[in-house]
Amino acid sequence: MTLPAVVLLLVFNYVPLFGLATAFQEYDPLAGVWQSPWAGFYQFERLLNDSLFWGALRNTLWLSFVQLILFFPVPIALALLLNSVLSERIRNFIQSVVYLPHFFSWVLAITIFQQMLGGAGALNQFLRSNDIGTWDIMTNPDTFALLVTSQVIWKEAGWGIIVFLAALAAINTDLYEAAAADGAGRLRRLWHITLPGLRSVIVLMLVLRLGNALTVGFEQFLIQRNAVGHDTAEVLDTFSFYYGIATGDYSYGAAAGLFKSVISLLLIWGANKLAHAFGEDGLYRK
Amino acid sequence: MTLAIERTGADAVAKPVAAQAVRRKRKNERPTWEEPPTVVGQAAKGITLSGVLLVMLVPLWIIVVTSLSTQAAVNRAGGLVIWPTDITFESYRVMLTDSTVRTALLVSLGITAVGTVVSMAVSVMCAYGLSRSRSLGHRFILMLLIITMFVNGGLIPTFLVVTGLGGYDQWWALILPSAVSVFNILILRAFYSSTSLDLIEAARIDGAGDWRILWSIVLPTSRAVTAVMALFYGVGYWNSFFNVMLYMPTDSEKWPLQYVLLTYVNRGNGMPGSVNNGFGDQFSQTAPLALQMAVVVLTLVPLLLVYPFVQKHFRTGVLTGAIKG
């Protein structure tokens, strides 16, 4: 019964692994993988001498960092806040609203942002009608990192609370009662009971985030790259697409992709080691 | 090595869903030991949560209202309309007479329907096969699946394989390469493993085969997780546009709705292929705002129709493992 799934994975996940050989070739679409001439590490040398590639790497790391600082704490805070609401009906209503944007496509989410904050959007419409001047956030390279992070927060922070809510529900309420009886106030209960209860989930999410530090979202940048220019919006994944497929330089794009995959694997491994060092399970157990 | 997701799967087995539901249903009262709330604290909480809700809901409200407005109302508002004045369904009528939008709607619905059925069939079978740990090579197949979560060929090798198989400009290129989500299979498997073994044993003694057990016992006892997985797959297909960009960029007859939304609303281009249908003039330049917003609403409608029925299952602990892995 597992056969159809295994066949699909073999064809579309395992065969492409052999296709990574193109990264060490001068791939010629007419000749195919078998006949194309080998080029050794030539493509990687090109990458290391390409300022566009370094730009994409720098943008990726910077955006990852901004998201780690600004996005990561939001679902935790929102989950704590929501968990403190007593009425179950209100809790459920808020949950069903904040989960919703997770199911929007990036095209839709960015269209909504454009309609609200773009040059002709609701915000500027309001500013213009009050003679305050205009403020085009959608095309400004200087604030791009903040823009994409707020898009990620809008779209994914709500969905991100699920796992923290589950962890909060698993904390034994007797602990709170005992602590309160011993005179611990709200903040001390938060610090000594709630946060330790969330610790392993937080570490797991951090490991995942660090392991994916080179992946900041592909479609989101593909759609907005032209509006703000590739100097700020080019990330490793879009680089691989534009210089690999769009320009037909397949080997070059494959080399960029392979570079990213290898570093990502190392990052996952390293983040997990770190989690083990803190006595947590992380993504997998030793 | 044990993956986090397998651990949570084991948790799901240990704690039956019913027990979790009981614990979640706590009383809507403040426990006696907790100190009474401060006015400032309550106000801050209320304001923050209302703010969160407004940020989510106001944009959707504005878009729906604008799509229902007349051109005069749009002109009066100087763009997006916030308070509905003259309500009209004219934009929707115009939109649905446009051949590009109509085709795109059919394409999107078709891909989503076929894709979801294919994905669910493949995943349910695989998950059931893996949940019966006596099956042949079960540990090896599980490893084979999990490895793909960490290691993949990446964009370009996958593109070369799909086009090498003749997938360029073919419908299957939009479905098969992304048909299997290992993640969803692992969640399904965790649930199937917890399906009552006694029931399955009894059915087996009565002579039921694997197919019969899957269809008559396992699936009916795991409706919630099946619905959630179908939503995940369905949303994935409905939202996809990049694979269209890769495999069939030229032929607007094959564009799904998301791609039309991108070209026509996000980039403000005129609609290709609409010149022949009598609305040529209307679509040859950037379309009226109300019409653009109608397209946005159209991409939302199927999701909003399904979401309320599936959303209630998110809470039953179904997704605890889902997000963790």
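Everything quoted here is computed from the prediction, not taken from an experiment. (Residues numbered from 1 in each chain as written. Chains lettered and ligands numbered in written order. Predicted model: local features only at pLDDT ≥ 70, side-chain atom pairs only at ≥ 80, totals over all residues. Heavy atoms only, no water.)

1. A closer look at the pattern of salt bridges
Put simply, the rule is: Whenever a carboxyl oxygen of Asp or Glu lies within 4 Å of a side-chain nitrogen of Lys or Arg, that contact is scored as a salt bridge. A run of H or I in DSSP becomes a helix once it reaches four residues, and a run of E becomes a strand once it reaches two; helices and strands are each numbered from the N terminus.
Throughout the structure, instances matching the rule amount to nine salt bridges over all chains. Lys155(A) is the salt-bridge partner of Glu156(A), the closest N and O atoms lying 3.0 Å from each other. In this structure, Arg186(A) and Glu34(B) form a salt bridge, with 3.9 Å as the shortest nitrogen-oxygen distance. In this pair, Arg186(A) sits in helix α11 (residues 186-211) while Glu34(B) sits in the loop between α2 (17-24) and α3 (39-67), so the two residues belong to two different chains.

2. Details of the environment of Phe41(A)
Residues and elements named next belong to chain A. Under the convention used in this document: Exposed residues in this analysis have more than 50% of their type's maximum accessible area, buried residues have under 20%, and partly exposed residues fall in between, with area computed by a 1.4 Å probe over protein chains only.
Within the secondary structure, Phe41 sits in the loop between α2 (32-35) and α3 (42-48). The exposure class assigned to Phe41 is exposed, which follows from its relative accessible area of 56%. The spatial distance from the C-alpha of Phe41 to the C-alpha of Ala23 is 8.2 Å, given a sequence separation of 18 residues.

3. Quick word on the UniProt feature "transmembrane region" (unreviewed entry) in chain B
Residues and elements named next belong to chain B. Under the convention used in this document: UniProt positions are given in the numbering used here, feature names are shortened, and annotations may be inferred rather than shown by experiment.
The feature "transmembrane region" (unreviewed entry), as given by UniProt, occupies residues 52-74, 104-128, 140-165, 171-192, 213-238 and 289-310 in the numbering adopted here. Secondary structure across residues 140-165 comprises 81% helix and 0% strand; the distance between its end C-alpha atoms is 27 Å. In residues 213-238, helix accounts for 96% and strand for 0%; the two terminal C-alpha atoms are 31 Å from one another.

4. Points about the interface of chain B and chain A
Quite often, the size of an interface is put as the accessible area lost when its parts meet. We apply this condition: We call two residues contacting when some pair of their heavy atoms lies within 4.5 Å. Under the rule applied, a polar contact is a pair of N or O atoms within 3.5 Å (in protein, one hydrogen donor and one hydrogen acceptor; residues adjacent in sequence only if both atoms are side-chain atoms). The residue classification treats Ala, Val, Leu, Ile, Met, Phe, Trp, Tyr, Cys and Pro as nonpolar and Asp, Glu, Lys and Arg as charged. All others, Gly included, are polar.
Listed as interface residues are 98 residues of chain B and, on the opposing side, 91 residues of chain A. Seen at the junction of chain B and chain A, the total is two salt bridges. For Glu35(B), the salt bridge is made with Arg189(A), and the minimal N-O distance between the two is 3.0 Å. Along the contact surface separating chain B from chain A lie 11 residue pairs in polar contact (both at pLDDT 80 or more). Considered class by class, the residues forming the side of chain B that touches chain A number 66 nonpolar, 18 polar and 14 charged.

5. Here we look at the nonpolar core
To keep things clear, this is the line we draw: Nonpolar cores are built from buried Ala, Val, Leu, Ile, Met, Phe, Trp, Tyr and Cys residues. Side-chain atoms within 4.5 Å join them into one set.
In this structure, Tyr99(A), Phe103(A), Phe104(A), Phe241(A) and Phe314(B) are the most contacted members of the largest nonpolar core, which totals 180 residues. When residues no more than four places from it in sequence are discounted, the contact partners of Phe103(A) are Trp159(A), Leu231(B), Phe232(B), Val235(B), Asn239(B), Leu303(B), Tyr307(B) and Phe314(B). Val207(A), Ala271(A), Leu283(A) and Tyr284(A) belong to the second largest nonpolar core, which has eight residues in total.

6. Comments concerning helix α10 (residues 173-181) of chain A
Residue and element names in this part refer to chain A. Threshold: Arc, as used here, means the arc of the directions from the helix axis to the C-beta atoms.
Within α10, the full set of buried residues consists of Tyr176, Ala179 and Ala180. Mapping the buried residues of α10 onto a view down its axis gives an arc of 100°, with all of them on the same face. Opposite the buried face of α10, at more than 90 degrees from it, the exposed residues are Asp174 and Ala181. Residues of α10 that are buried make contact with α11. Backbone nitrogen of Asp174 and a side-chain oxygen of the N-cap are separated by 3.0 Å at the start of α10; the cap is Asn172. Immediately downstream of α10, the backbone of Gly183 shows phi near 95°, a positive value.

7. Some remarks on helix α1 (residues 3-19) of chain A
Note the following rule: For a helix, the expected span equals 1.5 Å multiplied by the residue count minus one. The reported bend at a residue is simply the angle between two axes, fitted to the 7 residues ending at it and to the 7 residues beginning with it.
Taking 1.5 Å as the rise per residue, α1(A) with 17 residues should run 24 Å; its terminal C-alpha atoms sit 23 Å apart, in good agreement. A maximum bend of about 35° is found in α1(A) at Leu10(A). Every buried residue of α1(A) is accounted for by Ala5(A), Val6(A), Leu8(A), Leu9(A), Phe12(A), Asn13(A), Tyr14(A), Pro16(A) and Gly19(A). Contacts made by the buried residues of α1(A) are with α6 (99-131), α7 (138-150), α8 (155-164), α9 (172-175) and α10 (182-194) of chain B.

8. Focus: unusual backbone geometry
A positive phi angle, near 55°, is found at Asp131(A), a position not held by glycine. With respect to the helices and strands, Asp131(A) occurs in the loop between α8 (122-129) and α9 (144-169). Residue classification places Asp131(A) among the exposed residues on the basis of a relative accessible area of 72%. At Asp169(B), a residue that is not glycine, the phi angle is positive and equals roughly 65°. Summarising the element assignment, Asp169(B) is placed in the loop between α8 and α9. For Asp169(B), a relative accessible area of 26% corresponds to the partly exposed category.

9. Focus on a nonpolar patch on the surface
For clarity, the threshold we go by: What goes into a patch is any residue over 30% in relative accessible area without a salt bridge, connected to like charges within 9 Å or, for nonpolar side chains (Val, Leu, Ile, Met, Phe, Trp, Tyr), within 5 Å. To be clear on the numbers: accessible area is Shrake-Rupley with a 1.4 Å probe, and residue cover counts the displayed protein chains and nothing else.
There is a patch of nonpolar side chains on the surface, built from Trp62(A), Phe65(A), Ile69(A), Leu70(A) and Leu146(A) and spanning about 530 Å² of accessible area. Per-element accounting of the nonpolar patch gives the leading share, four residues, to helix α4 (residues 51-70) of chain A.

10. Examining the side chain of Arg225(A)
Residues and elements named next belong to chain A. For Arg225, the position within the fold is in helix α12 (residues 219-228). The exposure class of Arg225 is buried, given its relative accessible area of 9%. Only 2.8 Å separates the side chain of Arg225 from the side chain of Glu234, close enough to count as a polar contact. In contact with Arg225, other than residues within four places in its own chain, are His230, Ala233, Glu234, Tyr242 and Tyr243.

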